[in-house]
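# Understanding the architecture of this molecule
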2 protein chains.
Amino acid sequence: MKARPYHHGDLRAALLTLAEDTLRARGPAELSLRELAREAGVSPAAPSRHFKTKQALLDALAIEGFQRLTSAMDASLDRVGESFGARLTAVARTYLGFAAANGALLELMYGRKHDPDASTELITAMHRLKDLATDLIADGQRRGEVRPGPLDLMSLPLFVALQGLTQLATSGGFPADQIEAGVDETIAFILRGYAPS
Amino acid sequence: MKARPYHHGDLRAALLTLAEDTLRARGPAELSLRELAREAGVSPAAPSRHFKTKQALLDALAIEGFQRLTSAMDASLDRVGESFGARLTAVARTYLGFAAANGALLELMYGRKHDPDASTELITAMHRLKDLATDLIADGQRRGEVRPGPLDLMSLPLFVALQGLTQLATSGGFPADQIEAGVDETIAFILRGYAPS
DNA sequence: CTACATTGTTATCGCTGCCTACATTTGGAG
DNA sequence: CTCCAAATGTAGGCAGCGATAACAATGTAG
């Protein structure tokens, strides 16, 4: 029988996958580097080669999350027409789908947002998502389907709605079926708010 | 000189105040029972008499937060007329004021929401807040200032907006002045969405 | 082949939450 | 008033954690 090799092969990737699993199952507080090391079959100090601190691992997880989310939203926009309503609906549904499927991860992603020493990589990842939403509004305005107004102000309600829906969807304040129905209601609500007077 | 008395006097209250301070300053993750005990001038195991686990202390903090928030919102509703617009504005401003002043606490309050074994006391505290918002909508419907529709569905956008605004206000994704201006924009947005067709 | 960078291991530190056993204080029943 | 039980605080110890330093194995570039 062959002994486990001294080198793991791709410990970094393995740690990230394991971390995401336990994040999903038990939340970020329960995540322990030592436990990840055990599950990966390496020594307790091995992870430190790839993630200097626990926070660094969480950051890496968050960045990966932002990448997955933005590309999912990009993809959903590609599959839909040009009308503002259709695009907004697509974006909202994708965002909420991600939120429903990766609640803890999303929480982590936004939880790092106000940390003064979040990695620059993380910050740019967040900005890309923000830009995507802002562009959506700007496009709607160009097409005359969204009331005119300063972009940064106009994009706020969209953010607000997405963030709020997410919170409700992930933190389970409402039963799942109510959410399901409520999403449509809320999307209609948003569209009504953005409609030109 | 008099030795410190064997009994603290009101350790429970002292722990809660200290805990809220460090919660505000350094977040819930940095909160340590042992450190609280040190600051209170008491042995490391003393807090366990009042809070069996760390989670119990956090729960107590959250409950206190819900009580403060609901009574602030009640008070703000007492100071305002009966029109739906005025009442919604008052509620929204109070909620956001609380969120701005107690960001970490609010995060804690909602963070416990989906935990299966949250204390019943915590759960009822959350429901009281939910009822307050639902009543607001129902009242608006009675006065004909809000579109008709099932209550649970109609109250959702309000929750969504409040939650979303809170998230933006606390997690600092937007600069503070943009938030300030954005609140009015968003309240107008919500009113537009609730207006009868 | 050798020198070096990468990746893992071992050992240790100080911290944490939590538990059990014991000490002191307080307050109420008799 | 006294005594006993409950409430509250202390002492000590346990296992787990993140982090770091010193050392070992492996891969690789020249």
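What counts, and where the lines are drawn
- Residues numbered from 1 in each chain as written.
- Chains lettered and ligands numbered in written order.
- Predicted model: local features only at pLDDT ≥ 70, side-chain atom pairs only at ≥ 80, totals over all residues.
- Heavy atoms only, no water.
- Near = heavy atom within 4 Å.
- Polar contact = N/O pair within 3.5 Å; in protein donor to acceptor, adjacent residues only side chain to side chain.
- Helix = DSSP H or I, 4+ residues; strand = E, 2+ residues; numbered from the N terminus.
- Buried < 20%, exposed > 50% of the residue type's maximum accessible area, 1.4 Å probe, protein only.
- Axes fitted to C-alpha atoms, helices over the stretch in contact; angles between N-to-C directions.
- Parallel < 35°, antiparallel > 145°, perpendicular 65-115°, else oblique.
- Left-handed = near helix turned anticlockwise from the far one by under 90°.
- Contact = heavy atoms within 4.5 Å.
- Nonpolar A, V, L, I, M, F, W, Y, C, P; charged D, E, K, R; others polar.
- UniProt positions renumbered as here; feature names shortened; annotations may be inferred.
- Phe/Tyr/Trp six-rings, centres within 6.5 Å; stacked < 30°, edge-to-face > 60°.
- Domains from an automatic or database assignment.
- Buried area = accessible area lost by both parts, 1.4 Å probe.
- Salt bridge = Lys/Arg side-chain N within 4 Å of Asp/Glu carboxyl O.

Chain A is annotated in an unreviewed UniProt entry as DNA-binding transcriptional regulator, AcrR family from Actinoplanes philippinensis.

### Considering the protein's contact with DNA strand C
Taken together, 21 residues form the shell around DNA strand C, and within it A:Ser43, A:Arg49, A:His50, B:Leu33 and B:Arg34 come nearest. Counted by atom, the contact set of DNA strand C within 4 Å of the protein is 55% sugar and phosphate. A distance of 2.4 Å is found between a phosphate oxygen of DNA strand C and a backbone nitrogen or oxygen belonging to A:Ser43. At a separation of 3.4 Å, a base nitrogen of DNA strand C approaches a polar side-chain atom of B:Arg49.

### Focus: the environment of B:Ala100
Residue and element names in this part refer to chain B. Locating Ala100 in the fold gives a position in helix H4 (residues 84–101). Judged by relative accessible area, Ala100 falls into the exposed class, the value being 60%. C-alpha separation for the pair Ala100 and Arg143, spaced 43 residues apart in sequence, amounts to 31 Å.

### A look at the packing of helix H1 (residues 11–26) of chain B against helix H2 (residues 33–40) of chain B
Describing two packed helices takes the angle between their axes plus the distance from one axis to the other. Residue and element names in this part refer to chain B. Viewed as axis vectors pointing N to C, H1 and H2 meet at an angle of 120 degrees, and their least axial separation amounts to 10 Å. As the angle between them shows, H1 and H2 are arranged oblique. Handedness of the H1/H2 crossing: right-handed. In contact with Leu11, Leu15, Leu18, Ala19, Thr22 and Arg26 of H1, H2 contributes Glu35, Leu36, Glu39 and Ala40. Taken together, the residues of the contact of H1 with H2 break down into 6 nonpolar, 1 polar and 3 charged.

### Concerning the UniProt feature "domain: HTH tetR-type" (unreviewed entry) in chain A
Look at the UniProt record and you will see "domain: HTH tetR-type" (unreviewed entry) annotated at residues 9–69 of chain A. Here residues 9–69 of chain A is 66% helix and 0% strand, with 28 Å between the C-alpha atoms at its ends.

### Looking at the packing of aromatic side chains
Per the counting criterion, the structure on display carries 6 aromatic pairs over all chains. Aromatic pair A:Phe66 and A:Tyr110: ring centres 5.9 Å apart, planes at 70 degrees, arrangement edge-to-face. Note that A:Phe66 is positioned in helix H3 (residues 54–78) and A:Tyr110 in helix H5 (residues 103–111), a separation of 44 residues in sequence. Across this residue pair, the class does not change: A:Phe66 and A:Tyr110 are buried. Pairing A:Tyr194 with B:Phe189 gives two aromatic rings, centres 5.0 Å apart and planes at 75 degrees, and the pair type is edge-to-face.

### Thoughts on the domain arrangement of chain A
Residue and element names in this part refer to chain A. Under the domain assignment used here, chain A contains domain 1 (1–52) and domain 2 (53–194). Domain 1 puts 13 residues into the contact, and the matching count from domain 2 is 14 residues. Both sides together, the interface formed by domain 1 and domain 2 hides about 1,200 Å², and carbon and sulfur atoms give 69% of it. Looking only at domain 1, the three residues that lose the most surface to domain 2 are Leu16, Glu20 and Leu23, adding up to 38% of its buried area. In this structure, the salt-bridge partner of Arg68 is Glu20, at a minimum N-O distance of 2.7 Å. Taken together, the links from domain 1 to domain 2 amount to 5 residue pairs in polar contact (both at pLDDT 80 or more). If you list the elements that add at least two residues to the side of domain 1 that touches domain 2, you get helix H1 (11–26) and helix H2 (33–40).

### Describing the interface of chain A and chain B
Taken residue by residue, the interface counts 31 residues in chain A and 31 residues in chain B. Summing both partners gives a buried area of about 3,200 Å² for chain A against chain B, and 69% of it is carried by carbon and sulfur. Our enumeration of links across chain A and chain B arrives at 1 salt bridge. Across the salt bridge formed by B:Glu185 and A:Arg147, the nearest N and O atoms sit 3.9 Å from each other.

### Concerning the pattern of salt bridges
Counted by the stated rule, this structure contains 17 salt bridges over all chains. For B:Glu145, the salt bridge identified is with B:Arg143, shortest N-O distance 2.7 Å. Classification of B:Arg143 by relative accessible area gives partly exposed; the value is 38%. Salt bridges here are not isolated pairs; linked through shared partners, they connect A:Glu20, A:Arg24, A:Glu64 and A:Arg68.

### Here's the deal with the packing of H1(A) against H3(A)
Residue and element names in this part refer to chain A. At a minimum axis distance of 10 Å, the contact between H1 and H3 shows a crossing angle of 80 degrees. By the criterion of interaxial angle, the relationship of H1 to H3 is roughly perpendicular. Between H1 and H3, the residues in contact are Arg12, Leu16, Ala19, Glu20 and Leu23 and Leu57, Ala60, Leu61, Glu64 and Arg68, respectively. Counted by class, the contact of H1 with H3 contains 6 nonpolar, no polar and 4 charged residues.

### Some points on the UniProt feature "DNA-binding region" (unreviewed entry) in chain A
According to UniProt, the feature "DNA-binding region" (unreviewed entry) maps to residues 32–51 of chain A in the numbering used here. Helix makes up 40% of residues 32–51 of chain A and strand makes up 0%, while its end C-alpha atoms are separated by 13 Å.

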